[in-house]
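Residues per chain, in single letters:
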Amino acid sequence: VAGEEFVLNKLDQIANLADFCNECGDCDTYCPEHGGPFIEKPRFFFSETSYRKFAKYDGFYFPMPDSMIGRIRQREYMLLYDERKNQYLWRSDDAEFLLDSENRFVAGIALRGLPGEVEFDMTPFYIMRTLFDGIRNNPDDYTSVMLRGQSGGIA
């Protein structure tokens, strides 16, 4: 939305590994932050099967180490990172954008016949980019290895 900022107030964030969560609520009791992680924090799935099984929930999964699929407010998005070019391909059901590592627009195309000038809410891109980079930038972390399906850096 025009004029809005995407801000993280803490360096470290809590996420929910959905395939390990039975939504018992214990994390809500013991979590030092307000709101239960299983309700309010990003929900990561280990496979497309579990991601699709819980389609009523927002969440994310890595079909390949350099790409992430996400559902935010019941809309699906795709983020693909090209390490060689240091660019991100962002796709929604409305448009496809190529952005550089500084989030500057490189190229784009409307996927639906959008007439005239149109504003796009890029908030989902910033959310997914932050989550994706947080996991990608820690390739040896156990969670990163589990979610991305490999050890080491991006091939």
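Residues numbered from 1 in each chain as written. Predicted model: local features only at pLDDT ≥ 70, side-chain atom pairs only at ≥ 80, totals over all residues. Heavy atoms only, no water.

Attention now goes to the environment of methionine 128. Assignment of secondary structure puts methionine 128 in helix H4 (residues 123-136). By relative accessible area, which is 0% here, methionine 128 ends up buried. Dropping the residues within four chain positions of it, methionine 128 is found in contact with Phe60, Met68, Ile69, Gly70, Ile72, Tyr77, Met78, Leu79 and Trp90. (Helix = DSSP H or I, 4+ residues; strand = E, 2+ residues; numbered from the N terminus. Buried < 20%, exposed > 50% of the residue type's maximum accessible area, 1.4 Å probe, protein only. Contact = heavy atoms within 4.5 Å.)

The next point concerns the pairing of strand S3 (residues 59-64). Inspection of the sheet shows S3 paired to strand S4 (residues 67-72) by 4 bridges, in the antiparallel sense. Across the sheet, residue tyrosine 61 finds its bridge partner in S4, namely isoleucine 69. As consecutive antiparallel partners, S3 and S4 are separated by 2 residues. (Pairing = 2+ DSSP bridges.)

Before going further, it helps to spend a moment on unusual backbone geometry. Although it is not a glycine, glutamine 74 sits at a positive phi angle of roughly 65°. Structurally, glutamine 74 can be placed in the loop between S4 and strand S5 (75-82). A positive phi angle, near 65°, is found at asparagine 103, a position not held by glycine. Tracing the sequence through the fold places asparagine 103 in the loop between strand S7 (95-100) and strand S8 (105-110).

Before going further, it helps to spend a moment on the packing of aromatic side chains. Overall, the coordinates contain 16 aromatic pairs when judged by the stated rule. When the ring of tyrosine 51 is compared with that of tyrosine 61, the centres are 4.9 Å apart and the planes differ by 50°; the resulting orientation is tilted. Of the two residues, tyrosine 51 sits in helix H3 (residues 48-53) while tyrosine 61 sits in strand S3, which places them 10 residues apart along the sequence. Residue classification places tyrosine 51 among the buried positions, given a relative accessible area of 0%. Both rings, one in phenylalanine 97 and one in phenylalanine 105, keep their centres 5.9 Å apart while their planes meet at 70°; by these two values the pair is edge-to-face. Accessibility expressed as a relative area gives 11% for phenylalanine 97, which makes it buried. Given a relative accessible area of 52%, phenylalanine 105 falls into the exposed group. Here the aromatic residues Phe44, Phe60, Phe62, Tyr81, Tyr88 and Phe132 are joined through ring pairs into a cluster of three or more. For arginine 71, the ring lying beneath its charged end belongs to tyrosine 51, and the centroid distance is 4.0 Å. Its end group placed over the ring of tyrosine 81, arginine 136 keeps NZ or CZ at 4.1 Å from the ring centre. (Phe/Tyr/Trp six-rings, centres within 6.5 Å; stacked < 30°, edge-to-face > 60°. Lys NZ or Arg CZ within 6 Å of the ring centre and 35° of its normal.)

Honestly, that's just the spatial picture; any functional story needs more than this.
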